[in-house]
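Structural characterization, general
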Amino acid sequence: MSSSSGSMAEELQCSVCLEVFTDPVSTPCGHNFCKSCLNQCWDNSQDCKCPLCKETFSKRPDLKINTALRQLVQLFQEKFTLTSAELFSDLMRSIKRCQAELLEMMEEKQKTAEKQDEELIQELQQEITELKMRNTELDHLLHTEDHLQLLQIDPSPCSPPHTRNWPEISMNTDVSVETLRRALTELQEILDQKLSQTVLMRMQQYAVDVTLDPDTAHPYLILSDDGKQVIHGDIKQKLPNNQKRFDHCTCVLGKDGFSSGRFYFEVQVNEKTKWDLGVARESINRKGKVTVSPQDGFWVLGLWNENEYWACTDPYVLLSLRVKPQKVGVFVDYEEGLVSFYNVESKSHIYSFTGQSFTEKLYPLFSPCRNEKGTNSAPLIISSFNIKYNNQN
């Protein structure tokens, strides 16, 4: 996604439903929302406030659709359509290229097999000729009446010639099934990569500004002033033991929770040997030993022992990753019950929790894990909301 496309997506996004505007309307304070979203907010509240800046209006404004903004949304949506068409064209070009390479490889295999078969046929014909000559000589000897001459002749015609063990020779006229399977596997990998790139680009449109909540941080965790970084310190801090704070697991939550729509955030994890990352529901247990699983309100991915990546399901699942993530993207679709993790640099899918049922607020969750005497001292770093992505086509 180009930086201009990402910026436009943010400008045309309703801050209530986090979707591109549908029938956009403007409030007297100058902010824009979907007409249905704004009406729903005011229907469920005694006051008519702007959901964004909280300005209160003395009477309920008469909402008129912003036709200019609606036209801009339509033009922008026509442009997502063009992106899909370009992706499809790109996939078709990849398929045709792979098909041409496969056909060329099949032709080369066929030519090689035919050449080998011709050589084997020539060798076989030569052996047949030699055997016929031996057979003629033996027939002549069988009809001789001079026994003395028979005993004095060279015994070589009677000994079998040196020949190949022909039953063991196979005529490979077909292209190797393994070659075909390998070509199809490579094509599938290309298609999967293209799809993952497109899915990640779409998810990045739902990026939110995540900052850490110091009231939830374990006493050993140290947060940066801007609330974007967290490390495990060596000294336990004297902090109020409120109900929100973790007192055993070295975790911290984001300040804002989400109870609908979609949201996405990215976390830099390079130089770390251990970390846990994901989302958790508001009512999770934060005191004492905590079980991390979807049943207990956690949807988490973790790196342990430097190179072991685990999905914290029940039971845990060990993941096999080709590339070690330097930055992890987390995407949540509340209504779909989906939590997905992506390797941002390689634009590849890591793992997804699917078919979940969310009934309360979800909060981003972070754990830098223990310092391990300096070997795991690097921080977890949350990417800023206004990230400008380079062209990723």
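Note that this is a predicted model, so its numbers are computed, not measured. (Residues numbered from 1 in each chain as written. Predicted model: local features only at pLDDT ≥ 70, side-chain atom pairs only at ≥ 80, totals over all residues. Heavy atoms only, no water.)

With respect to the overall build of the chain
Selection rule: Starting at the N terminus, helices and strands are each numbered in turn, a helix being any DSSP run of H or I of at least four residues and a strand any DSSP run of E of at least two. Note on exposure labels: buried denotes an accessible area under 20% of the residue type's maximum, exposed denotes more than 50%, and partly exposed covers the range between, all computed with a 1.4 Å probe on protein chains only. Contacts: residue pairs with any heavy atoms within 4.5 Å of one another. Residue burial considers only the protein chains on display, and all accessible areas are found by Shrake-Rupley using a 1.4 Å probe.
The helix and strand tally for the chain stands at five helices and 17 strands. Expressed as a percentage of the 393 residues in the chain, the buried residues total 36%. The contacts of the chain with a sequence gap of at least 6 include a subset with a gap of at least 24, amounting to 64%. Entry remark: accessible area of the chain is about 23,500 Å², with carbon and sulfur atoms responsible for 50%.

Considering the confidence of the model for the chain
When pLDDT is low, close inspection of the predicted coordinates is not appropriate. Using the following cut-off: A residue's pLDDT is the confidence the predictor assigns to it, expressed on a 0 to 100 scale.
Taken residue by residue, the chain gives an average pLDDT of 82. The fraction at 70 or more is 77%. The low-confidence segment residues 387-393, where pLDDT is below 50, has 17 contacts with residues more than four positions distant or belonging to other chains.

Side note on helix H2 (residues 35-43)
For an α-helix, the turn length of 3.6 residues means that residues three or four places apart are oriented alike. For clarity, the cut-off: This arc corresponds to the set of directions leading from the helix axis out to the C-beta atoms.
Among all positions in H2, only Cys-37, Leu-38 and Trp-42 are buried. One side of H2 carries all its buried residues, which in axial view fall inside an arc of 130°. Within H2, the exposed residues directed more than 90 degrees away from the buried face are Ser-36 and Asp-43. In this fold, the buried residues of H2 make contact with strand E1 (24-26), strand E2 (32-34), strand E3 (48-49) and strand E4 (56-57).

Some details on the environment of Lys-361
In this structure, Lys-361 sits in the loop between strand E15 (348-353) and strand E16 (362-367). The spacing of Lys-361 and Ser-283 is 78 residues in sequence and 8.6 Å in space, taken between C-alpha atoms. Apart from residues no more than four positions distant in its own chain, Lys-361 is found in contact with Gly-257, Phe-258, Ser-259, Ala-280, Arg-281, Glu-282 and Tyr-334.

Digging into the side chain of His-218
To keep it simple, the criterion reads: In protein, a polar contact requires one atom able to donate a hydrogen and another able to accept it; more generally it is a pair of N or O atoms within 3.5 Å, and residues adjacent in sequence count only if both atoms are side-chain atoms.
Secondary-structure assignment places His-218 in the loop between helix H5 (177-203) and strand E5 (221-223). For His-218, the side chain forms a polar contact with the main-chain oxygen of Asp-247, separated by 3.5 Å. Ignoring sequence-local partners within four residues, the contact set of His-218 consists of Phe-246, Asp-247, His-248, Cys-249, Thr-250 and Cys-251.

What about the sheet that holds strand E10 (residues 298-304)?
Selection criterion: In short, DSSP must find at least two bridges between two strands for them to pair.
Ordered in space as E7-E16-E9-E10-E11-E12, the six strands form an open sheet in which the pairing is antiparallel. Looking at which strands have only one partner, the edges of the open sheet turn out to be strand E7 (252-253) and strand E12 (317-319). Two elements, E7 and E16, share two bridges in a ladder whose sense is antiparallel. Its bridge partner lying in E16, Leu-253 is registered against Leu-365.

Some words on the side chain of Asp-333
By the element assignment, Asp-333 lies in strand E13 (residues 327-333). By relative accessible area, Asp-333 is classed as buried at 7%. A polar contact of 3.4 Å, which involves the side chain of Asp-333, links it to the backbone nitrogen of Glu-335. Filtering out sequence-adjacent residues up to four positions away, Asp-333 remains in contact with Gly-261, Arg-262, Leu-338 and Phe-358.

A short note on the nonpolar core
This is how it is decided: We call a set of buried Ala, Val, Leu, Ile, Met, Phe, Trp, Tyr and Cys residues a nonpolar core when their side-chain atoms join them within 4.5 Å.
If you look at the biggest cluster of nonpolar residues, it comprises 35 residues, and the most contacted ones within it are Phe-265, Trp-275, Val-339 and Phe-366. Once residues within four sequence positions are removed from consideration, Val-339 is found in contact with Val-279, Trp-299, Val-330, Phe-331, Val-332, Tyr-351, Ser-352, Phe-353 and Phe-358.

Let's talk about the state of the cysteines
The condition is simple: In what follows, a disulfide is any cysteine sulfur pair within 2.5 Å.
On inspection of all chains with the given rule, the structure shows zero disulfides. With no disulfide partner, Cys-312 has as its closest neighbouring cysteine sulfur the one in Cys-369, 9.7 Å distant. For Cys-312, a relative accessible area of 2% gives the class buried.

Details of the pairing of E16
Across the six residues of E16, six count as buried, placing the element largely inside the fold. Of the two faces of E16, the one carrying Leu-362, Pro-364 and Phe-366 and the one carrying Tyr-363, Leu-365 and Ser-367 are both buried. Of the strand pairs in this sheet, strand E9 (residues 275-281) and E16 are connected by six bridges, and their pairing is antiparallel. Considered in E16, the bridge of Ala-280 is made with Tyr-363.

A look at the pairing of E10
Among the seven residues of E10, six are classified as buried, and the element is accordingly described as predominantly covered. The sheet contact formed by E9 and E10 spans six bridges and is antiparallel. By the bridge assignment, Val-279 is partnered in E10 with Trp-299. Two elements, E10 and strand E11 (residues 308-311), share four bridges in a ladder whose sense is antiparallel. Looking at E11, one finds that Leu-301 is bridged to Ala-311. In this antiparallel pair of consecutive strands, E10 and E11, the connection spans three residues, and Asn-305 shows a positive phi of 55°.

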